[in-house]
Amino acid sequence: MPFPYKKMTEEDFAAIRAVTAPERVWVGEDIAPEYYHDEMPEYGVFPPELYVEVLDKEEICAIMKYAYEQNIPVVVRGAGTGLAGGANCKYGGILLSVMKMNKIVCLDKANMTITVQPGMLLTDVAAAAAAEGLFYPPDPGERTASIGGNVITNAGGMRAVRYGLTRDFVRCIEAVLPDGSLVQFSSNVVKNTTGYDIKDLVIGSEGTLCILTEVTLKLLPAPKFSRTMVMPFNSLAECIDMVPRLLQMSAVPTAIEFLERELIDIVERNLRKMLPVKEGEAVLIVMYDAGSEQELLSACNEAAEGALEAGAIDVYIADTPERAASVWSVRGAILEGMKAESVAQEECDVVVPRSRIADYVRLAKAIGQKHGIRVEPCGHAGDGNIHTEMLRGPEMSDEAWHTGTQACLKELYAVSKEFGGQLSGEHGIGNGRLEYLKPFVGERMYKLYQSIKLAFDEKLILNPGKIIVFDEKE
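Here the structure is a predicted model, which is why all the values come from computation and not from measurement. (Residues numbered from 1 in each chain as written. Predicted model: local features only at pLDDT ≥ 70, side-chain atom pairs only at ≥ 80, totals over all residues. Heavy atoms only, no water.)

Peer 1: Any chance you could explain the packing of helix H1 (residues 10-19) against helix H2 (residues 57-70) here in plain terms?
Peer 2: Relative orientation and spacing of two packed helices are given, respectively, by the angle between their axes and the distance between those axes. Interaxial distance between H1 and H2 falls to 9 Å at its minimum, and their mutual angle equals 160°. Put simply, H1 runs roughly antiparallel to H2. For the element pair H1 and H2, the recorded crossing hand is right-handed. Across the interface between the two elements, Glu-11, Asp-12, Ala-15, Ile-16 and Val-19 from H1 touch Glu-59, Ala-62, Ile-63, Tyr-66 and Gln-70 from H2. (Axes fitted to C-alpha atoms, helices over the stretch in contact; angles between N-to-C directions. Helix = DSSP H or I, 4+ residues; strand = E, 2+ residues; numbered from the N terminus. Parallel < 35°, antiparallel > 145°, perpendicular 65-115°, else oblique. Left-handed = near helix turned anticlockwise from the far one by under 90°. Contact = heavy atoms within 4.5 Å.)

Peer 1: Where do I start with the UniProt feature "domain: FAD-binding PCMH-type" (unreviewed entry) in the protein chain in this structure?
Peer 2: Here the UniProt feature "domain: FAD-binding PCMH-type" (unreviewed entry) sits at residues 43-222. Each end of residues 43-222 is marked by a C-alpha atom, and these two atoms are 38 Å apart; helix forms 22% of the span and strand 24%. (UniProt positions renumbered as here; feature names shortened; annotations may be inferred.)

Peer 1: Hey, could you run me through the side chain of Asp-457 in this one?
Peer 2: With respect to the element layout, Asp-457 can be found in the segment after helix H15 (443-456). Classification of Asp-457 as buried rests on a relative accessible area of 0%. Only 3.1 Å separates the side chain of Asp-457 from the backbone nitrogen of Ile-461, close enough to count as a polar contact. Apart from residues lying up to four places away in sequence, Asp-457 is in contact with Pro-178, Thr-208 and Leu-462. (Buried < 20%, exposed > 50% of the residue type's maximum accessible area, 1.4 Å probe, protein only. Polar contact = N/O pair within 3.5 Å; in protein donor to acceptor, adjacent residues only side chain to side chain.)

Peer 1: Would you mind going over a nonpolar patch on the surface with me for this structure?
Peer 2: Side chains of Tyr-196, Ile-198 and Leu-201 sit close together on the surface and give an oily, nonpolar patch of about 340 Å² of accessible area. Mapped onto the elements, Leu-201 comes out in helix H6 (residues 198-202). Among the residues examined, Leu-201 registers a relative accessible area of 37% and is labelled partly exposed. (Patch = residues over 30% accessible without salt bridge, like charges linked within 9 Å, V, L, I, M, F, W, Y side chains within 5 Å. Areas by Shrake-Rupley, 256 points an atom, 1.4 Å probe, with all protein chains shown as cover. Salt bridge = Lys/Arg side-chain N within 4 Å of Asp/Glu carboxyl O.)

Peer 1: Any chance you could explain the pairing of strand E18 (residues 385-392) here in plain terms?
Peer 2: In the case of a regular strand, side chains alternate between the two sheet surfaces. By the criterion of burial, E18 is predominantly enclosed, with 8 of the 8 residues buried. Residues Asn-385, His-387, Glu-389 and Leu-391 of E18 are buried on one face, and the alternating residues Ile-386, Thr-388, Met-390 and Arg-392, pointing to the opposite face, are buried as well. Bridge count between strand E16 (residues 344-348) and E18: 5 bridges; the pairing is antiparallel. Within E18, the residue paired with Glu-346 across the bridge is Met-390. Where strand E17 (residues 374-380) lies against E18, 7 bridges are found, and the strand directions are antiparallel. Counted as the bridge partner of Val-375 is Met-390 from E18. What sits between the antiparallel neighbours E17 and E18 is a turn of 4 residues, in which Gly-384 has the positive phi angle 80°. (Pairing = 2+ DSSP bridges.)

Spelled out as structure tokens, the structure:
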């Protein structure tokens, strides 16, 4: 294996400036510290030796060709909104920003697709589709994330219940391989069984296999009607038991989220955002989209009747955009509220079968109590992805926080595995969860992951030390 990597010299800096432009290259102490980490600095703060903003695929090809020949590691950065420590430079080298590659290449109404560069923001992709009467459904919580980052982490979000993940909307990908080659994974077709499905392998690969330069995304007709419902229950178990009933009804909900009263109180106390429903120890927030008002009314009526039969205290309809926005603003402020309530946070985003959500939440709280850590689970009841937040109080020592969170994480991942779940539902492995992946998936699967990495990147120069690691003696 190619350890150690080359330490960059003035000659290397000059070479990168020559294939890009001097005003878009920063070196050493001139690099802004915010580029040393993503949204979770707890998972690593590492300065690159060189930071470069690229404008096109030709510049990426030239940089990668040079880095490959010189054995220089390269990490790609989008908007920096990741939550797994995936976009930091553990081994120095080049930090390559694609945020200036933010244009629409083509909006194809006939094929109902949009082709964009990776630096375009998710919110701008959705707006461009909406301007044509079309709809890009994936809706992760951070709408200012880059679309390339969404694809390379297979971002999920609250609409995944009905529409699926980012993967379900990627038609094809253009990318640069670690040696500088430009390749195309699939094309703008609906079906493709031509060879291995490398496109779906690249989606969610966290920047370890290639660098995206263009992505073609599937669009849908825009739903004309939408409505949000809030269903309060006396207990979390009753609340979660309602989820399979909703999923078996005539209309598939767009989103199903659960919140316990403790989390609602955190948001109201710290951010002054009020949920207009005061009853219940736990609530379901349910959204429906529809093509007609009658279709929407039918879906909401069936859901409301089912909820009341299942023991809901009441069913509240947010029947105006303003009322719906007030409900979703509380759900969207959960992480911000928890940050305001604590001095540090740790998180895992396990995913379990939907039938085990209540069991997982109960055990997660017990595990936290056992290790002296405040644990607050919340998340996507419709797909079983539970964001399990650990909050540090001001009185807790560094040692107690580190020891307690590590003990909690080991047990939480063990519970997820026992329930038939997975280590991460949407945030990925990155640098923050490296030590947990191999024990979770097993030796044989881990070696398969390593083989895939080597097939793309035998010199291990692209985002090294993320998802999987290699022993320096291997």
